[in-house]
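# Analysis of the macromolecular model
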Amino acid sequence: MRFAEMFGRHASEPALLAIIAGGPEPAHVSSCAPCQARLAALRAWVDETAAEAGAIADAVFTPDRLAEQKSGILRRLEAAGRSARVIAFPAGAPAPALQSTRQVLRWAAAAAVAGMMVGLASGRLLDLNGTPGSSTAGQSARTETPPRAQSLATAADELDEAALLDAAFDRISLDSLRTIDDMTPRAREVVLATLPRARR
Amino acid sequence: MSAPLAEPENVAATIKALVAEQRMDEARQRYAEVVSRHQRRASRIALHYLRDAADADEAVQDAFVKAFTHIGSYKDEWPFEVWFTRILINGCLDRLKARRRRERWIVPMIESGGGERELTEIMPARGPSPEDTMLLNERRRRLAGALAGLPERQRTIFMLSHYEGHSSKEVSAMTGLNESTVRVHLFRAIRKLRGMLAPGENEKTQDLKTEAEDTRNAIR
């Protein structure tokens, strides 16, 4: 018993709410008319609030919507009852099936031969286009010089050689050359000496 | 408050037997009756849980389908309603968890485009005159706000106890909570609603509390 009740006061609202929530009813409340009236008023308020809250939901879930919901549930139940259907692959476009292993092997061999021929032919072509005498892969990978640049390089080489020869001739004296010439056997003389006398 | 739990016969047990005998068409026919009987109540619960009509609709459908497909595990010690409500509540909780996970990663939409909405926003306006409609909508808006302000568990227990008039024993079976815990949550829910919707009454309560405190102090 609460202090307020001990001193003749009525049950507080929380005490009355506890009764509504399922708690035991104190003796004072059972025998006190004002407390009973307050309890009844509180109960009515709670019921009204609950009814109003229910009405909020009912306004959303109209009979039409509930009917739709029910048909949705029944549709799903029917679908759940059925076993899963296996959908066949479209018959109009059958997958191209290979007839036999032998045929597969034939195709593979033909493809391999064709590949080899193409490889050889392309190798030949590359060789023909490349520099003469440079058939190896390492040589063919060399950077090629354009024709104009090549001719210029050749001309420059020739000029260099001529200049070097000129310089050499300038440096060598004629006397020293004559000595060498004297020491060297002449080819004609040697040949004539080896021939029989009748044929000279 | 709605009709009590008592069903004309234990339809769920009958459906269970039909399913066991593979008489599926009959079972579905009987189950359609069960759906009609319980769907309004289920929709109310789901709507107040999820606060989104489309989501609630899906949750109810899922719960009915799940109950049918698992009818073999139904035990007739409790009415079908109790068993079904437990399935529904668990489904709603799963949806709420999924929604919270989504909202953690996705930036919530501006205004009320997100998951939860005021119930009065999705409710068609009804009433004889614009003033009445406005008053009704205002009252309902306040009530919806107050219900939304309740913790999830308190809201559920209040709904089950007072919308549907279930006893604390039945609510305990539906929610899996202890009976005394159910009573405590119900008491807190009502007190909170009273505080939010009837501020005058709350002040009176405070006055009574102060008086009690004064008395206690005087005795000391």
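This report concerns the structure included in the present document. (Residues numbered from 1 in each chain as written. Chains lettered and ligands numbered in written order. Predicted model: local features only at pLDDT ≥ 70, side-chain atom pairs only at ≥ 80, totals over all residues.)

## Focus on the overall build of chain A
How we decide: Secondary structure is summarised from DSSP: a helix means a run of H or I of at least four residues, a strand means a run of E of at least two, and numbering begins at the N terminus for each. With C-beta atoms placed from the backbone, a residue is buried if 20 or more other C-beta atoms are within 10 Å of its own, exposed if 12 or fewer are, and partly exposed between those counts. Think of it this way: build a C-beta for each residue from its backbone, and any pair within 7 Å is a contact.
Looking only at helices and strands, one finds 10 helices and zero strands in chain A. The 200 residues of chain A split such that 12% are buried. A sequence separation of at least 24 residues applies to 22% of the contacts in chain A between residues at least 6 apart.

## As for unusual backbone geometry
Residues and elements named next belong to chain B. Of note in this structure, Gln22 is not a glycine but carries a positive phi near 65 degrees. Residue position: Gln22 is located in the loop between helix H1 (11–20) and helix H2 (24–50). Assessed through the 8 C-beta atoms surrounding it within 10 Å, Gln22 is described here as exposed. Despite not being glycine, Arg51 shows a phi value in the positive range, around 55 degrees. Along the polypeptide, Arg51 turns up in the loop between H2 and helix H3 (53–69). Since 20 C-beta atoms lie within 10 Å of it, Arg51 is described here as buried.

## Observations regarding the environment of Gly72 of chain B
Residue and element names in this part refer to chain B. Along the chain, Gly72 turns up in the loop between H3 and helix H4 (80–105). A C-alpha to C-alpha distance of 7.8 Å links Gly72 and Val19, two positions 53 residues apart in sequence. Discounting residues that sit within four places of it in the chain, Gly72 has contacts with Lys16 and Val19.

## Focus on H1 of chain B
Residue and element names in this part refer to chain B. What counts, and what does not: Taking the helix axis as origin, the arc is that swept by the directions to the C-beta atoms.
Buried within H1 are the following residues: Ala12, Ile15 and Val19. Projection of H1 onto a plane perpendicular to its axis shows the buried side chains occupying an angular sector of 60 degrees, all on one side. Exposed positions of H1 whose direction lies more than 90 degrees from the buried face are Ala17 and Ala20. The inward-facing, buried residues of H1 contact H2 and H4. Among the residues trailing H1, Gln22 stands out with phi positive, at a value near 65 degrees.

## What to know about the nonpolar core
All names here are of chain B. The test is simple: In these notes, a nonpolar core means any group of buried Ala, Val, Leu, Ile, Met, Phe, Trp, Tyr and Cys residues linked to one another through C-beta atoms within 7 Å.
Within the largest apolar cluster, 62 residues are counted, with the highest numbers of intra-cluster contacts made by Ala46, Ala59, Val60, Ala63, Leu88, Leu186 and Ile190. Tallying contributions element by element places H2 first for this core, with 10 residues. Look past the residues within four positions of Ala59 in its chain and what remains in contact with it is Ala46, Leu50, Leu88, Gly91, Cys92 and Arg95.

## Notes on the environment of Tyr74 of chain B
Residue and element names in this part refer to chain B. Tracing the backbone through its elements, the reader meets Tyr74 in the loop between H3 and H4. On the neighbour-count criterion, Tyr74 (20 C-beta atoms within 10 Å) is buried. C-alpha separation for the pair Tyr74 and Lys16, spaced 58 residues apart in sequence, amounts to 7.7 Å.

## Details of the packing of H3 of chain B against H4 of chain B
All names here are of chain B. For clarity, the threshold we go by: For helices, the axis comes from a line fit to the C-alpha atoms of the stretch in contact; other axes are also lines fit to C-alpha atoms, and the angle between any two N-to-C directions lies between 0 and 180 degrees. An angle below 35 degrees is read as roughly parallel, one above 145 as roughly antiparallel, one from 65 to 115 as roughly perpendicular, and any other as oblique. Less than a right angle of anticlockwise turn of the near helix away from the far helix marks a crossing as left-handed, whereas a clockwise turn marks it as right-handed. Basically, the charged four are Asp, Glu, Lys and Arg, the nonpolar ten are Ala, Val, Leu, Ile, Met, Phe, Trp, Tyr, Cys and Pro, and anything else, Gly included, counts as polar.
Where H3 contacts H4, the axes come no closer than 9 Å and their chain directions differ by 135 degrees. Classified by the angle their axes make, H3 and H4 are oblique. In this structure, H3 meets H4 at a crossing whose hand is right-handed. Touching Asp55, Ala59, Val60, Asp62, Ala63, Lys66 and Ala67 of H3 are Phe84, Ile87, Leu88, Gly91, Cys92 and Arg95, all from H4. Considered class by class, the residues forming the contact of H3 with H4 number eight nonpolar, one polar and four charged.

## Some points on the packing of helix H6 (residues 152–163) of chain B against helix H8 (residues 179–197) of chain B
Any two packed helices are characterised by the angle at which their axes cross and by the distance between the axes. All names here are of chain B. The N-to-C vectors of H6 and H8 enclose an angle of 95 degrees; their axes lie 8 Å apart at closest approach. Our classification of the angle between H6 and H8 gives roughly perpendicular. On H8, the residues touching Arg153, Gln154, Arg155, Ile157, Phe158 and Ser161 of H6 are Val182, His185, Leu186, Arg188, Ala189, Ile190 and Lys192. Residue composition of the contact of H6 with H8, grouped by class: six nonpolar, three polar and four charged.

## Looking at H8 of chain B
Where we set the bar: Any helix carries an expected span of 1.5 Å times its number of residues minus one.
Given a rise of 1.5 Å per residue, 19 residues ought to cover 27 Å, and the 27 Å separating the end C-alpha atoms of H8 of chain B matches this to within 8%. Here H8 of chain B has its buried residues at Val182, Arg183, His185, Leu186, Phe187, Ala189, Ile190, Leu193 and Arg194 of chain B.

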